[in-house]
Structure formats: structure tokens, C-alpha cells
Amino acid sequence: MSNIMEYQMFIDGQWTPGLTGERMEVINPATGEVVATVPRGGREDVDRALASARASFESGVWAGKSIEERAQVLINAAMMVVANKERLAYLESLTSGATIRRTTTVDIAEVAGTLLLIAMIVKELPQVEHTFFSPPWVAPMHSFWKREPIGVCAGITPWNFPLILAMYKIAPALAMGNSIVMKPASITPVTTLELAKILTDAGVPPGVINVVTGPGSSMGNYLAGHPEVDKIAFTGSTEVGRQIAHQAADTIKRVTLELGGKSPIIVLDDADMEVAANMCLLGFLFHSGQVCESGTRLFVPRCLQEELVDRMIQKIKKMVIGNQLDMETDMGPIASQEQLNTIIRYVQIGKEEGAELAYGGRRLTEGIYEKGFFFEPTIFINCHNQMTQVREEIFGPVQCVIPYDDVDEAIAMANDSIYGLGGGICSTNVGRAQQLANRLRTGTVWINTWHVLRPDAPFGGYKQSGYGRECCYHSLLAYSEVKHICQDLTPDGSDKLLNLLIGLNR
Ligand code: NAD
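Conventions we followed
Residues numbered from 1 in each chain as written. Predicted model: local features only at pLDDT ≥ 70, side-chain atom pairs only at ≥ 80, totals over all residues. Heavy atoms only, no water. Helix = DSSP H or I, 4+ residues; strand = E, 2+ residues; numbered from the N terminus. Rg over C-alpha atoms; globule rule 2.2 N^0.38 Å. Buried < 20%, exposed > 50% of the residue type's maximum accessible area, 1.4 Å probe, protein only. Contact = heavy atoms within 4.5 Å. Areas by Shrake-Rupley, 256 points an atom, 1.4 Å probe, with all protein chains shown as cover. Lys, Arg positive; Asp, Glu negative; His and termini not counted. Charge placed at Lys NZ, Arg CZ, Asp CG, Glu CD. 1 Å grid on protein atoms, 1.4 Å probe; cavity = no way out; pocket = protein on both sides within 12 Å on 5 of 7 lines; lining within 4 Å. Points joined across faces, edges and corners; volume = space filled by probe spheres on them. Near = heavy atom within 4 Å. Polar contact = N/O pair within 3.5 Å; in protein donor to acceptor, adjacent residues only side chain to side chain. Core = buried A, V, L, I, M, F, W, Y, C linked by side-chain atoms within 4.5 Å. Pairing = 2+ DSSP bridges. Salt bridge = Lys/Arg side-chain N within 4 Å of Asp/Glu carboxyl O. Phe/Tyr/Trp six-rings, centres within 6.5 Å; stacked < 30°, edge-to-face > 60°. Lys NZ or Arg CZ within 6 Å of the ring centre and 35° of its normal.

Explanation requested: the overall build of the protein chain in the structure shown.
Across its full length, the protein chain holds 16 helices and 25 strands. A globule of 506 residues ought to have a C-alpha radius of gyration of about 23 Å, and the protein chain, at 25 Å, matches this closely. By the burial criterion, 56% of the 506 residues in the protein chain qualify as buried. Of the contacts formed within the protein chain by residues at least 6 apart in sequence, a portion of 73% connects residues at least 24 apart. A total accessible area of about 20700 Å² is found for the protein chain, and carbon and sulfur atoms account for 54% of it. The averaged location of the 56 negative side-chain charges in the protein chain is 2 Å from the averaged location of its 43 positive side-chain charges.

Now the structure itself:
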């Protein structure tokens, strides 16, 4: 009997087969084996999902509920995420290559935590604000402005953190009363489908959350340009984000874009070298480097390069690289053959452009690695800021070390990038580190740490890393419109105003 799981799309509160009848395979990147299939959807499936989202929105079945009622459903969902944590974490690891040690702890906590935090802060966000002030030339008036949902949202997510990135969109969209259609990445659709079912079981009405599965280039593209979509929330590459911004312009969709990065770490001359080594490894090896805000440009004082890199290599040698489902594994496989090919290509470019390979640089192919997509942690030294592998996002476990002589020069090089997602300073001097953090043109700066994202702190990019912020109350603002309602409180106010402005009724 086959162990391959068969999923359907999730539309209008139901598991729904795709209209094309075609299927896509989902692969375990540690073994290359097919573990699940999902429908390879087409345009008609997007139309169906959007029709369901629109109908649910217009009916007021969700948008018409009170904030407290909606928040309670999100809290129920958080409890159900925790209750299902083994299954969700297993599926997330199986399909994305994330280590099970991480998904059972960090990912589940982040998903449930986002639901709980959004449920809490949506109740505190002012939904209505009043004023009775009137300029002297008009009659007394009551003005108030209120927050309303935008309508039908589309969420498009990448393959690196399917659960967390889906929830960063779903939780604020639902909290503000929107309906949403999600399109997860083709290679990791399974846990977004599971989330939709959990939310529905927790009390989200049919049609308010829908998940369609299919290729980004056809189905995602169609969804992004669809006139029924009022707001699009996209996380993915800068290249696709740019296309989406163009498409959104036709119908003036609201847009938030979380895009690529090439984040700089600046180690200062006063840094503790042990802290620096840990921070730098965390920066580029977490999830095999497949993280948008990975620290992959490492600026280090020229005289400290050798010592720092030696420390990093000694630590790398102790890491367990292996099957992501093993609790002992520190670093799992690359998520797909395609991404592995990209990494191999960039490492080759690095060598050709004259970067010195200090460690790694090879695909792992022996023994347990034979059928999977594994790549060694890789460190290039003596790089400069104009090299291709330093400027472009690789999305793999590859660190480029760039020696510097002067800290102003390091800041200038750090900011010399089309990206502006993450950045970091390593120093023992708190004041100096904070001053330099102010000079980095990035949406997040970590000091002596990396990758700490929190549901209560805004996350997003400067420059071509995107616009808008996810998490905390910033995300609630991004999923709502503001309406001003102005009421004349006197019987003759309109007469007076007409007279004043147009001169009739004199
Ligand atoms: P991608 O841009 O190729 O795909 C992202 C999503 O868009 C997928 O669901 C894909 O199917 C869909 N898609 C592809 N082409 C499309 C199109 N023409 N129209 C509409 N949708 C389309 O990115 P990826 O390879 O899945 O993920 C890696 C990228 O995501 C990296 O660049 C990484 O930096 C970025 N990322 C950014 C963040 C962030 O928060 N800033 C987080 C994670 C990943």
C-alpha cells in the first residue's frame, strides 16, 4: 500500500478536487521520495476560491462578527495548533527540510503565538475614533473614523517557512474581518492546507479561508492579477515581487511585499570572538541558509578574519548534517533539487571570481546523503563587495567574508546593496553597537544575535526587500481601510455651508 498522502484544495470550507484533474508531487528533500500529492490547479480553481471568499465577505458572516468573537476564534485556533503540533511539525519538516527539533518548538510556538498575539492586540487597536471639533465656518459636526476590512485578500508564500509565513498573513487578515485565498509554494503546500482545516474547525466560517494549490507562474500569476483581489500579501523573491507590484497597479490593489535579502553582519574590533563566531554561524546556517534575512555578507576587521573563520570552522565540524526528521540533526537538506542547483552554480561563480574557499563548497552525496539534496556549510574569505555571490541572494549555507580596515567603510559596504531586510552588529560596546545599528538601512538589526523574529515586533524590508510590515499591530493596519464618517448635527448646517461655499440660498 502506498504511503503517499493525497490532498485536495481547501475551498469554501471543504476539501475540493482541482478542476484540471492534474496532480503535483511533494518530495521529501532528504530522500527524494514523493510523500504527498496535491491538485495542480488552474484558473478556474482560483475563480472558485475567490468567488467563495467574496461571497463570505459580502455576507458579513465573518466581517460582521464583533472583534471579540473573531479574536476568540483565533484563540481557539491557537489551541488547536498546539494540540496538533506533532502532526504539523512532522509535515512541515518532511516537506520543507526544516529540522524537526526546530519545527516542534520554534515554528509551532511562532504560529500559535502569532494567533494569540493578534487576537490580543486587535482588541486594543482603536477601531473607532471620534471628534466633535468643527472649524468655525461650519455647524457643529460629529466626525468619526473607523477601521474596516479591505475585502478579499490573496496570500502567496514561499517554500522556506510555509507555516509561519502563512500565519503572518492569515492571522491579521482574519482578525480585521477579511476573507483570504492562500497560494502556498508548489513544493510545500501541505501544511497551509492543514492550517486552513484547523482554522475552519476552530470556527472560521466556510469561504473565509481558502487554499489553492498550483504553479506560481500560472496560477499564482493569475491570482495576483485578479480583479476580485483587493489586497495582495506576497512573500518571495524580489523578482516575482516586482511583477506582482506591476500587476497590482492595474486595479490599485493594496500590496505588502516581503522579498529577498543579502543581510550584512559587521563584526567590530571590540567583539567577543566566541559571540561573533556563534552569531555568524547562526546568521548563515539556520535552515541551511534558506532564510530571507540570513546574514550572508560578513564584514570583519582584516586582522580578525583568520581567527574568526577558524573558530567558525571548528564549530561547523561538530555539526550534525542529516535527515531533518532526526532530533539530533542540526542542519537538514536543501529544500529542492532546483535550489541545490542554484547554490552549486553560485559557489562555482564565487570560485571563478576569485573568492578563496576556506571551507565546504561541495554537495554531499555519500551514504545517507546519496538521494537527498545536501550541501556543506561553505565559507568564502577575502571577498569584496562587488562579487556576484556577495551581491546576489544565494539562499543556501554560503558565507562570504569581506575584510575591512575602517568601520565607516564597513557601514558603506553594508548599505551598498539593493536589499535592506536584515543587518547585524557584533560588539561588546552597547552604545557603539546601537549607534551603528542606526546607520544600517535595513528593516531589522540584530546586535550579538540573529534570526530573532517575534510576533510582537514589526518585520519587513527597506529598499528592494519589500514594503509594508508583518507582525504586531503594523500588520493589522495593513489589512484594513480607514473610513471617515462626518455628520452635521444641526438642522440648518447644510444651508449655511452651501451659502458660504457656493453662494446659493442667499
Ligand atoms: P518565489 O518568488 O519563486 O515564489 C514565492 C511564491 O510565489 C510561491 O508560492 C510561488 O509559487 C509564487 N509565484 C512564483 N511566480 C509567481 C508569479 N509570476 N506570480 C505570482 N506568484 C508567483 O520565491 P521562493 O523561491 O518560493 O522563495 C525564496 C524567496 O523568498 C527568496 O528570495 C527569499 O528571500 C524570499 N523570502 C522572503 C521573506 C521575507 O519575509 N522577506 C521570507 C521568506 C522568503
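Back to the write-up after that little detour.
Is there a simple way to think about unusual backbone geometry in this case?
Leave glycine aside and you will find that most residues have negative phi; peptide bonds, for their part, are mostly trans. You will see that S288, though not glycine, has its phi angle at about 55 degrees, which is positive. Judged by relative accessible area, S288 falls into the buried class, the value being 1%. The phi torsion at N382 lies on the positive side, around 50 degrees, for a residue other than glycine. Along the polypeptide, N382 turns up in the loop between strand 18 (378-381) and helix 12 (388-391). A relative accessible area of 32% places N382 in the partly exposed class.

Looking at this structure, how should I read empty space enclosed by the protein?
One simple way to see leftover space: roll a probe sized like a water molecule over the atoms. Counted by the stated rule, this structure contains one cavity of 30 Å³ or more. Taken as a whole, the largest cavity encloses approximately 60 Å³ of empty space. In terms of lining residues, the largest cavity is bounded by 13 residues, among which G261, S294, T296, E393 and F395 are the most central.

I tried to follow the site of the ligand on my own but got confused; where do I start?
Close to the ligand lie 28 residues; T157, K183, S237, L259 and E393 are nearest. Interatomic distance of 2.8 Å between a side-chain N/O atom of K183 and an oxygen atom of the ligand. A distance of 2.6 Å separates an oxygen atom of the ligand from a polar atom in the side chain of S237. Coverage of the ligand by the protein amounts to 89% of the 840 Å² it exposes when considered alone. Going through the elements one at a time, helix 7 (216-225), strand 11 (231-235) and helix 8 (238-250) are the ones with two or more residues in the shell around the ligand.

Looking at this model, I keep getting lost on the nonpolar core. Mind explaining?
Core analysis: the largest hydrophobic core is formed by 63 residues, its most contacted members being V81, L115, I170, L174 and L199. Here the element with the most residues in this core is helix 5 (residues 162-175); it accounts for 11 residues. Apart from the residues within four sequence positions on either side, I170 is in contact with I180, M182, L195, L199 and I209. Counting 31 residues, the second largest nonpolar core, distinct from the first, contains M331, F374, C426 and W446.

So what exactly am I meant to see when it comes to the sheet that holds strand 1 (residues 5-6) here?
Backbone-to-backbone hydrogen bonds pair the strands of a sheet. The strands run either parallel or antiparallel. Across the sheet, three strands lie side by side as 1-5-4; this open sheet has mixed pairing. Lying at the two open borders of the sheet, with one neighbouring strand each, are strand 1 and strand 4 (23-28). Pairing between strand 4 and strand 5 (residues 33-39): six bridges, direction antiparallel. The residue bridging M24 from the neighbouring strand is V38, located in strand 5.

Is there a simple way to explain the pattern of salt bridges in this structure?
Two side chains of opposite charge can pair, provided their charged atoms sit close to one another. All chains considered together, the criterion is met by 24 salt bridges. Between R54 and D230 there is a salt bridge, and its shortest N-O distance comes to 2.9 Å. Of this pair, R54 sits in helix 1 (residues 43-59) while D230 sits in the loop between helix 7 and strand 11, placing them 176 residues apart in sequence. R54 sits in the buried class, given a relative accessible area of 18%. Judged by relative accessible area, which is 23%, D230 ranks as partly exposed. A cluster of three or more residues bridged by salt bridges with shared partners is formed by R54, E58, E228 and D230.

How should I be thinking about the side chain of E470 in this particular structure?
For E470, the location among the structural elements is in the loop between strand 24 (466-467) and helix 15 (472-478). When near neighbours in sequence (up to four residues on either side) are disregarded, E470 contacts Y168, K169, T235, E258, A457, P458, F459 and S475.

Even after reading the chapter, I still don't get the packing of aromatic side chains, so can you show me in this structure?
Inspection of the entire model under this criterion finds six aromatic pairs. For the ring pair Y7 and W15, a centre distance of 6.3 Å and an interplane angle of 70 degrees mean the geometry is edge-to-face. On the basis of relative accessibility, which here comes to 7%, the residue Y7 falls in the buried class. Owing to a relative accessible area of 36%, W15 belongs among the partly exposed residues under this scheme. Between F161 and F286 the ring centres are 5.9 Å apart and the planes differ by 35 degrees, which places this aromatic pair in the tilted class. In this pair, F161 is assigned in the loop between strand 8 (152-156) and helix 5 and F286 in the loop between helix 9 (273-285) and strand 14 (295-301), connecting sequence segments 125 residues apart. Under the relative-accessibility criterion, F286 is labelled partly exposed at 24%. Across from the ring centre of Y479, 4.3 Å away, lies the NZ or CZ of K231, which sits over that ring. The cationic tip of R345 hangs over the ring face of Y346; the distance from NZ or CZ to the ring centre is 5.1 Å.

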